[in-house]
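# Summary of the model geometry
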Amino acid sequence: SVCSKWYCDATDLCLPEEEVLTSAVRAQKQFESQRDCRLSCGKYGSIWPMPTGDCSLSHDRVHFDPWKVRFNVVAPNAVTTQFLRETNRLFVSNLLKECTRNCTLTGSKEVLVKATVNDSSLLLDWATDESYMMVVRTTDTASFVDIKAATVYGARHAFETLSNLVTGSRGNGLLLVSGARINDAPVYPHRGLLLDTARNFLPLRYIRSTLDAMAASKLNVLHWHVVDTHSFPLEITRVPEMQRYGAYSTTQTYSRTDAVNLVKYARLRGIRILVEIDGPSHAGNGWQWGPSAGLGNMSVCLNRSPWRNYCVQPPCGQLNPLNDHMYAVLKEILEDVAELGAPEETIHMGGDEVYLQCWNRTEEITNEMRTLGYDLSEASFLRLWSRFHQRNVEAWDDINHRMYPNIRDNKPVILWSSRLTDPQHIEQLLPKERFIIQTWVGAQDSLNRDLLQRGYRLLISTKDAWYLDHGFWGSTKYYNWRKVYDNTLPLGSGSPQLRQVLGGEVCMWSEYVDQNALGKSTIARLLDIVVNPTSLIEARIWPRAGAAAERLWSNPKSAAYLAQRRFYRYRERLIARGIHPDAVIPHWCVLHEGQCL
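Residues numbered from 1 in each chain as written. Predicted model: local features only at pLDDT ≥ 70, side-chain atom pairs only at ≥ 80, totals over all residues. Heavy atoms only, no water.

To keep things clear, this is the line we draw: UniProt positions are given in the numbering used here, feature names are shortened, and annotations may be inferred rather than shown by experiment.
The name given to the chain in an unreviewed UniProt entry is beta-N-acetylhexosaminidase, and the organism recorded there is Drosophila rubida. In its Sequence similarities (unreviewed entry) section, the UniProt entry covering the chain states "Belongs to the glycosyl hydrolase 20 family." Per UniProt, the comment on the chain under Catalytic activity (unreviewed entry) is "Hydrolysis of terminal non-reducing N-acetyl-D-hexosamine residues in N-acetyl-beta-D-hexosaminides."

Okay, structure coming up:
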């Protein structure tokens, strides 16, 4: 709107002057734009995700030049100091993207930001303290921002929130809320996004842009589903055959250096990368070289047809749980993955959609089972499947004890829910001390409740709300951002079992999506123009994943309709940062608040 005056009314709507009907509202503070008004209209202004503690925002503004922001870092050692300096650099970069005109403002006062961190560690896991406190105050001479956090990650989140207190000005420079007090901490320590780059390969720049959007949303785990039956693009330095036989092409690969740099890129944005090496199912291409190397069939039912007789989804492939060479190769893969991450990082071992008929139709497996005293009942196959995971956990423990002899505790690993996690027999097959279960059942399914009652720790990926690929294949339904937002986790705050629910993940499976651009001309496609690429996968993920981000950070008691105006502003910030989120409402409705309910 070209309106030069905006007002925040008693119901927290930002209205242009021509829509204001009462003199009482006109007597309130005037704002120069809707975005200026939105900075402090409502308790949480345009902060996303919603703070969980105290939050007060002034209606007054400071007009400033982002180049006049000065930083004072108080941290206990060189590594935390360097981390915060990088955080400052990213913060300024994001500020500059908010400038609607020239960022330079003659005569701007300084904005002095002091960030104090107590913890000397860069450790990031489920026990990391991500809380922060921030105070903004303004005097005649300058504006002062005081950030206090236990860890660098809490401080990073504070800078993200500070960027939410800034917007562009009609003239040069930027506008900052002149006074604020915010106490904030996440409800759940695991706030994740699963990204599948195995069904369809995704170039690194799109993974980095996903990490940028996650940072803007305070999501802190990228679950990288990097290999599957379809392809094995990840370089394993100890077993180069995996990538050589498994990648779609020599250009559709992730080198060891790529992966190391991606982990560093994520960590600076407060994000863990959790690598998933799926098995025993979802393991085919990349494993087919066993016979030629004298190692036997490491994967069975490989690319068999008709596929419905051997697997849940083509192409088929399932690891051979009775081939010791397969375990030796898998251990080398796990060792490569362990070297990628920080000492505290764990691994996702997959474990979903095992098709027992594949093993039952493989003569070398059934013969060996009989030799070992198994019958061919379902219970026997479940025991075999369980033993597969137990052996791999033992290998993972051995790797970590050799790499980090001073770390005594065994790290739990993550598995998907499956027939193995059925409540009636999970306790005999998967010890709760070692396995965290990521459930992917519907919201009304009793599995979460049943597993919590048995003492298991859970990650929640509600398939009828948080599966972002749904609505584009078969009879699945698309879930809009409100459905994503209103998906409550199985236990609310205050429950003694809350600590068992570590958090959750929205999932972007890639069978029917890749990086190919929206709205590219034929010429642009032929020339592979990558300037300002507009990725289809970005629009599938964003801004809906941001709705889950607020659920996981804040676990709000209120429904999506109360968050919508903050959500629309959050989407605009993503766009300013070079992300291409899907539209969620006509722009007219964004400009005319309260008129499209």
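On we go.
## Considering the overall build of the chain
Under the convention used in this document: To qualify as a helix, a DSSP run of H or I must reach at least 4 residues; to qualify as a strand, a run of E must reach at least 2; elements of each kind are numbered from the N terminus. As a reference, a globule follows 2.2 Å times the number of residues to the power 0.38, and the radius of gyration itself is taken over C-alpha atoms. Exposure is judged per residue with a 1.4 Å probe applied to protein chains only, and the accessible area is read against the type maximum: over 50% gives exposed, under 20% gives buried, and values in between give partly exposed. We call two residues in contact whenever any of their non-hydrogen atoms come within 4.5 Å of each other. Accessible surface is estimated by sampling points in the Shrake-Rupley manner with a 1.4 Å probe; for residues, cover comes only from the protein chains shown. Here the positive residues are Lys and Arg and the negative ones are Asp and Glu; neither His nor the chain ends is included. Where a charge lies is defined by one atom per residue type, namely NZ (Lys), CZ (Arg), CG (Asp) and CD (Glu).
When helices and strands are tallied, the chain shows 19 helices and 21 strands. Computed over the C-alpha atoms, the radius of gyration of the chain is 26 Å, within 12% of the 25 Å expected from 2.2 N^0.38 for a compact globule of 597 residues. Expressed as lengths along the three principal axes of its C-alpha atoms, the size of the chain is roughly 85 × 55 × 50 Å. Counting only residues that meet the buried cut, the chain has 58% of its 597 residues in that class. Excluding contacts between residues fewer than 6 apart, the proportion of contacts in the chain whose partners are at least 24 apart in sequence is 73%. Just so you have it, the chain exposes about 23,900 Å², and 50% of that area is on carbon and sulfur atoms. Between the mean site of the 66 positive side-chain charges and the mean site of the 64 negative ones, the chain shows a separation of 4 Å.

## Topic: the packing of helix 7 (residues 256-267) against helix 8 (residues 324-340)
In helix packing, the relevant descriptors are the interaxial angle and the interaxial distance, both defined with respect to the helix axes. What counts here: Axes here mean lines fitted to C-alpha atoms, for a helix over just the part in contact, with angles spanning 0 to 180 degrees between N-to-C directions. Roughly parallel covers angles under 35 degrees, roughly antiparallel covers those over 145, roughly perpendicular covers 65 to 115, and oblique covers all other angles.
Direction vectors running N to C along helix 7 and helix 8 enclose 40 degrees, while the axes themselves pass 10 Å from each other. Overall, the two elements helix 7 and helix 8 adopt an arrangement that is oblique. When helix 7 is examined against helix 8, the residues R256, A259, V260 and V263 are found in contact with a partner set consisting of D336, E339 and L340.

## Looking at the pattern of salt bridges
Condition: Each reported salt bridge corresponds to a side-chain nitrogen of Lys or Arg within 4 Å of a carboxyl oxygen of Asp or Glu.
Inspection of the entire model under this criterion finds 34 salt bridges. For R577, the salt bridge identified is with E160, shortest N-O distance 2.7 Å. Note that R577 is positioned in the loop between helix 18 (564-576) and helix 19 (587-591) and E160 in helix 4 (residues 152-163), a separation of 417 residues in sequence. On the basis of relative accessible area, R577 is assigned to the buried category, the value being 13%. Its relative accessible area of 6% is what places E160 among the buried residues. Members of the salt-bridge network, linked through shared partners, are R238, R256, K331, E335, D336, E339, D398 and R402.

## Remarks on the environment of V25
As for its position among the elements, V25 is in helix 1 (residues 23-26). It is 10.0 Å that separates the C-alpha atoms of V25 and W6, two residues lying 19 residues apart in sequence.

## Some points on the sheet that holds strand 9 (residues 166-168)
Definition in use: Two strands qualify as a pair provided that DSSP identifies no fewer than 2 bridges between them.
The three strands lie next to each other as 4-10-9, forming an open sheet whose pairing is antiparallel. Only two strands of the sheet have a single partner each, and these edge strands are strand 4 (61-64) and strand 9. Neighbour-to-neighbour, the strand axes of this sheet turn through a mean angle of 30 degrees, independent of strand direction. Strand direction decides the pairing type here: strand 4 and strand 10 (residues 174-177), joined by four bridges, are antiparallel. Paired with F64 across the two strands is L174, which belongs to strand 10.

## Brief notes about the nonpolar core
The following threshold applies: In plain words, nonpolar cores are sets of buried Ala, Val, Leu, Ile, Met, Phe, Trp, Tyr and Cys residues tied together by side-chain atoms within 4.5 Å.
Counting 113 residues, the largest nonpolar core has W224, W287, W359 and W542 as the members making the most contacts within it. It is helix 8 that provides the largest number of residues to this core, a total of nine residues. Residue contacts for W542: discarding those within four places in its chain leaves L193, T210, A213, M214, S217, L219, Y570, L574, I579, P581 and D582. Membership of the second largest hydrophobic core comes to 41 residues, among which are C55, I147, V177 and W553.

## Details of the UniProt feature "domain: Beta-hexosaminidase eukaryotic type N-terminal" (unreviewed entry) in the chain
According to UniProt, the "domain: Beta-hexosaminidase eukaryotic type N-terminal" (unreviewed entry) feature falls on residues 48-163. When the span residues 48-163 is considered, its composition is 27% helix and 31% strand, and the gap between its end C-alpha atoms is 10 Å.

## Description of the sheet that holds strand 7 (residues 132-138)
Taken in spatial order, the six strands make up an open sheet running 3-11-7-8-6-5, and their pairing is mixed. In this open sheet, the two strands that pair with only one neighbour each are strand 3 (55-57) and strand 5 (69-74). Sheet twist, expressed as the average angle between the axes of neighbouring strands with direction ignored, equals 10 degrees. Pairing of strand 5 with strand 6 (residues 110-117), which is carried by six bridges, proceeds in the parallel orientation.

## Overview of the pairing of strand 21 (residues 501-508)
Buried residues dominate strand 21, accounting for eight of its eight residues. Across six bridges, strand 12 (residues 190-196) lies against strand 21 in parallel orientation. Residue pairing in the sheet places G192 in a bridge with E505 of strand 21. Bridge count between strand 20 (residues 458-460) and strand 21: three bridges; the pairing is parallel. If you follow L458 over to strand 21, its bridge partner there is V501.

## Focus on the layout of surface pockets
Stated formally: Here a cavity is any set of points on a 1 Å grid over the protein atoms alone where a 1.4 Å probe fits but cannot get out, and a pocket is any open set with protein on both sides within 12 Å along at least 5 of 7 lines; a residue lines the site when it has an atom within 4 Å of a point. Grid points are joined across faces, edges and corners, and a volume is the space filled by probe spheres set on the points. Note on residue categories: nonpolar means Ala, Val, Leu, Ile, Met, Phe, Trp, Tyr, Cys or Pro, charged means Asp, Glu, Lys or Arg, and polar means any other residue, Gly included.
Empty space within the largest pocket amounts to approximately 440 Å³. Lining the largest pocket are 24 residues; nearest its centre among them are Y44, M50, S558, L562 and R566. Those elements that place two or more of their residues in the lining of the largest pocket are helix 17 (544-554) and helix 18. It is helix 18 that provides the largest number of residues to the lining of the largest pocket, a total of three residues. Split into classes, the residues belonging to the lining of the largest pocket amount to seven nonpolar, ten polar and seven charged. The computed volume of the second largest pocket comes to approximately 360 Å³. Residue classes in the lining of the second largest pocket are distributed as seven nonpolar, four polar and eight charged.

## As for a nonpolar patch on the surface
Our working definition: Like charges within 9 Å and nonpolar side chains (Val, Leu, Ile, Met, Phe, Trp, Tyr) within 5 Å are joined into patches, using only residues over 30% in relative accessible area that form no salt bridge.
A cluster of nonpolar residues, F472, W473, Y478 and Y512, forms a patch on the protein surface that exposes about 420 Å² of accessible area. Within the secondary structure, Y478 sits in the loop between strand 20 and helix 14 (481-485). A residue is classified by how much of its surface remains accessible, and Y478, at 39% relative accessible area, is partly exposed.

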